[in-house]
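# Fold and geometry: a report
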Amino acid sequence: MSQPVADLERWIRGEFTELNTELEELYFTEKAIILAGRSDVDSLVDTLVREGESLIARVAERQELPADQDSRYELLGLVGFYLGACRRHEVEPDQSRIAPLALALSTSLGVAPRFSSAHQHLHNRAVGGAFHTFTALDSERIFLTYNGLAVMAYRRAAHALLGIPPLGVSNPLATYHFSDALAALGNVMAYSRTLADELDRDRFFYNIRPYFKSYRVGRSEYRGANAGDFAAINTIDVLLGLCSPHDPFYQWVAADKYPYVAPEDQPVLRALATTESLLAAFLRELEAGPVSLSLRENAELFLAACKQHGAATVFHHHRLVVPYLEEPAANTPSRPDLTASGPPLAVVIETLARLRDLRAARERPGLATARPYLDRVQQLLKPR
Ligand code: HEM
């Protein structure tokens, strides 16, 4: 690591976090997302903007990027944390000193030139037990920890399911993978529950969520970071057959997140288009018969995994999105930028509701879900 990068990284782990924490305490005391016209606030924000800008400018001046991909992605995250904090405190940094570095990094990596949630859960190197955060607030630590654990559990489920196509759904060895996927999806639910139990709603709304907003880099605005920007959840959707890579709505979901996932997740998203679902494989084998013991056992585990995946997404909607975002937003004077990704909150919620109903295979007028096919699997499992 070059000296300027090491200095930037030390600052992000130290003063940057302290300044944000101090500011958040001031906002929280007033129950305000931002405090305009306060000299104490302005002075802290000014320090943050100046110090970060000069440290990043020193890295940029060298016009030299780290050779290995992980270091470049990590550096993009550091610059992104700075820009995310500027956006959060509603100040405009000097783009001419920051944007060229962010853009050079993003071009070399093929990702958006901003920080993503992958910088918080998948590429967040701890030093002495402390990983990168915006603040030292307990609520941020809780959010990042349980969100990160849920992402890891989704990745474990995806990894297990990906082991099944080469074995075939009637293979007794596939039972191991189905059981593992089911257990991992159970973990997603457990971590989400812990998050909902432990995360303070007001703290999340006033002090954590605002760092995830969309922000400008150079001439363009890039949508906010969201906890769903990783590929494993889409692998699970498509392998279970709950979402189709040929559905225009779902194609939009995957295409929208493509620049915001970590570089190693992009080929995973690209592979979705050629993935055959396990649901289709089960229907084929069950229709052809005979129903061997292992085919039956695997099909039952598969149906349980679909149910668990649906339950986690329903939980996300009703116990995370509604209480932590929709309800507090309804009680706050209208602000156009309350959601992370930019579109009005009602549009974000509607998109999430559609995804939820696809994942939960609900019967919903005007929406083609996997429900009839799952019911058919169930029916084929009944003794004939
Ligand atoms: C307080 C906690 C959370 C809140 C308020 C929340 C809210 C949201 C919102 C509003 C979106 C829509 C995108 C946007 O921001 O515009 C979203 C997307 C998403 N969130 Fe969360 N979320 C939370 C925690 C989590 C956790 C723990 C996970 C588990 C990994 C998760 C997984 C996802 C996924 C996968 C998506 C993308 C939609 C998709 O492709 O399925 N979220 N979330």
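Rules of the game
Residues numbered from 1 in each chain as written. Predicted model: local features only at pLDDT ≥ 70, side-chain atom pairs only at ≥ 80, totals over all residues. Heavy atoms only, no water. Axes fitted to C-alpha atoms, helices over the stretch in contact; angles between N-to-C directions. Helix = DSSP H or I, 4+ residues; strand = E, 2+ residues; numbered from the N terminus. Parallel < 35°, antiparallel > 145°, perpendicular 65-115°, else oblique. Left-handed = near helix turned anticlockwise from the far one by under 90°. Contact = heavy atoms within 4.5 Å. Nonpolar A, V, L, I, M, F, W, Y, C, P; charged D, E, K, R; others polar. 1 Å grid on protein atoms, 1.4 Å probe; cavity = no way out; pocket = protein on both sides within 12 Å on 5 of 7 lines; lining within 4 Å. Points joined across faces, edges and corners; volume = space filled by probe spheres on them. Salt bridge = Lys/Arg side-chain N within 4 Å of Asp/Glu carboxyl O. Buried < 20%, exposed > 50% of the residue type's maximum accessible area, 1.4 Å probe, protein only. Domains from an automatic or database assignment. Buried area = accessible area lost by both parts, 1.4 Å probe.

Running from N to C, helix α1 (residues 3-29) and helix α3 (residues 69-88) point in directions that differ by 25°, and their axes come no closer than 11 Å. Compared by their axis directions, α1 and α3 come out roughly parallel. When you trace α1 past α3, the crossing you get is left-handed. Only E74, L75, L78, F81, Y82, A85 and R88 of α3 make contact with α1, whose side of the interface consists of V5, L8, E9, W11, I12, F16, N20, E24 and Y27. Residue composition of the contact of α1 with α3, grouped by class: 11 nonpolar, 1 polar and 4 charged.

As enumerated under the stated definition, the model contains 2 cavities of 30 Å³ or more in all. Each pocket or cavity is described by its volume, and for the second largest cavity that value is around 30 Å³. Every residue lining the second largest cavity is listed: E74, G77, L78, F81, H119, H123 and H132. When residues of the lining of the second largest cavity are assigned to their parent elements, the largest contribution, 4 residues, is made by α3. Looking at the lining of the second largest cavity, its residues break down into 2 nonpolar, 4 polar and 1 charged.

This structure, assessed with the given rule, holds 28 salt bridges. With a shortest N-O distance of 3.0 Å, R97 and E53 are connected by a salt bridge. With R97 in helix α4 (residues 95-109) and E53 in helix α2 (residues 39-61), this pair connects stretches of sequence that are 44 residues apart. Across the pair D357 and R356 runs a salt bridge, and its minimum N-O distance is 2.9 Å. By relative accessible area, which is 3% here, D357 ends up buried. With relative accessibility at 10%, the residue R356 sits in the buried group. If you follow the salt bridges from partner to partner, you end up with E350, R356, D357, R362 and R364 in one network.

For the rest of this paragraph, the subject is the domain arrangement of the chain. Domain assignment breaks the chain into domain 1 (3-110) and domain 2 (138-381). Using C-alpha coordinates to define each centre, domain 1 is positioned 31 Å away from domain 2. Of the residues lining the interface, 26 residues belong to domain 1; the matching set on domain 2 comes to 21 residues. Interface area, domain 1 with domain 2, both sides summed: about 2,100 Å², of which 56% is carbon and sulfur. On the domain 1 side of the interface with domain 2, the three residues burying the most area are F28, I33 and R87, jointly 31% of the side's total. Scanning the region where domain 1 abuts domain 2 turns up 3 salt bridges.

Turning to the packing of α1 against α2, a few remarks are in order. Packing of α1 against α2 leaves a shortest axis separation of 10 Å and a crossing angle of 165°. Classed by the angle they form, the pair α1 and α2 counts as roughly antiparallel. When the axes of α1 and α2 are compared, the crossing they make is left-handed.

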